[in-house]
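Take a look at the letters that make up each chain.
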Amino acid sequence: MSLIETKNLTHYFGGLKAVGDFNLKIEAGELVGLIGPNGAGKTTVFNLVTGAYHASEGQIIFAGENIVGKAPHEITTMGISRTFQTIRLWNEMTVLDNIKVAQHGHIHYDLKDIFLQLPRYRSQERAIETQAMDMLKLFNLVSYAQQPAKNLPYGQQRRVEIVRALASRPKLLLLDEPAAGMNPQEIEELMVFIQSIRSEFDLTIWLIEHQMRLVMNICERITVLDFGETIAEGKPEAIQSNPKVIEAYLGVEDEEII
Ligand SMILES: Nc1ncnc2c1ncn2[C@@H]1O[C@H](COP(=O)(O)OP(=O)(O)O)[C@@H](O)[C@H]1O
Ligand SMILES: [Mg+2]
């Protein structure tokens, strides 16, 4: 059984078909890419998978269950986590608190516990803090733990976002343009980082990216969207030389395919 499978996934915004008949199977452990010009529908696919939008038509089967119609927090608890195209850290909060908040899905106490500072609350709070610090240690981010997120260099903020996404212990990690705004050195480090978390956390990774070097280097398989339609699917080498893909990117100056 595939970890995730979309069947005829379709989504309309009013009269606009943002995603049409999107069919994809991803097996556990794969690292696959989703590319296409701006407005192709890539982020919409992720928003459908994470429950931010409910698909107009079609199914999303995750670990054997159709998740269309489920709330985002239910989907996170089932094992899907994501990062966003633009950084969405809580800027004023410390890096540690940014990670702790993400572990919310695994907390089991209610408000009464918090007000009364009951032992269950206190021990869970301690466990969360310890786990969050462990994550920061693992990724060499401990020195930033008490800093407001906004004080970190851009590349490190992007790393914190990925670490935060890992805090909910996902099986499937969705990365929406993780290299956006990064310099070449940061992109090199990101490639190593993505591959290392995949093996260390037993992850399946599905990523959207404009940086062709990154996509072609680390993705095993790529799907290409254009105006919501899948125009190509296959290994990086085949995608790079596919005439339909080249045509879709023609005239798009900032999205060099080769
Ligand atoms: N919330 C929304 N409401 C209306 N239209 C949207 C919304 N989100 C995306 N779109 C439209 O859907 C299409 C696909 O957008 P998107 O999935 O963000 O593309 P991509 O991520 O590939 O750049 C675009 O035409 C975009 O303008
Ligand atoms: Mg997008």
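To be clear, the structure that these remarks concern was listed above.
Overview of the structure. (Residues numbered from 1 in each chain as written. Chains lettered and ligands numbered in written order. Predicted model: local features only at pLDDT ≥ 70, side-chain atom pairs only at ≥ 80, totals over all residues. Heavy atoms only, no water.)

**Remarks on the packing of aromatic side chains**
- In total, this model carries 5 aromatic pairs according to the counting rule given.
- With centroids separated by 5.3 Å and ring planes inclined at 85°, the aromatic side chains of phenylalanine 13 and tyrosine 53 adopt a geometry described as edge-to-face. On the criterion of sequence distance, the pair formed by phenylalanine 13 in strand β1 (residues 4-13) and tyrosine 53 in the loop between α1 (42-49) and β4 (57-62) is long-range, its members being 40 residues apart.
- A ring pair is formed by phenylalanine 139 and phenylalanine 193, whose centres lie 5.4 Å apart and whose planes are at 75°; its orientation type is edge-to-face. Note that phenylalanine 139 is positioned in the loop between α5 (119-138) and α6 (154-167) and phenylalanine 193 in helix α7 (residues 184-200), a separation of 54 residues in sequence. Like phenylalanine 139, the residue phenylalanine 193 is buried in the burial classification.
- Following the ring pairs from residue to residue traces out a cluster consisting of Phe22, Phe46 and Trp206.
- For arginine 88, the ring lying beneath its charged end belongs to phenylalanine 84, and the centroid distance is 3.8 Å. (Phe/Tyr/Trp six-rings, centres within 6.5 Å; stacked < 30°, edge-to-face > 60°. Helix = DSSP H or I, 4+ residues; strand = E, 2+ residues; numbered from the N terminus. Buried < 20%, exposed > 50% of the residue type's maximum accessible area, 1.4 Å probe, protein only. Lys NZ or Arg CZ within 6 Å of the ring centre and 35° of its normal.)

**Focus: the pairing of strand β9 (residues 221-226)**
- For β9, the tally of buried residues reaches 5 of 6 residues, placing the bulk of the element in the interior.
- The pairing of β9 with strand β10 (residues 229-234) spans 5 bridges and is antiparallel. Its bridge partner being in β10, valine 224 is matched across the sheet by alanine 232.
- What sits between the antiparallel neighbours β9 and β10 is a turn of 2 residues, in which phenylalanine 227 has the positive phi angle 50°. (Pairing = 2+ DSSP bridges.)

**Some words on α1**
- Of all 8 residues in α1, 7 are buried, a share of seventy percent or more.
- Of the positions making up α1, those classed as buried are Lys42, Thr44, Val45, Phe46, Asn47, Leu48 and Val49.
- A positive phi of about 85° marks glycine 51, the residue just after α1.

Nothing here speaks to function; it is geometry throughout.
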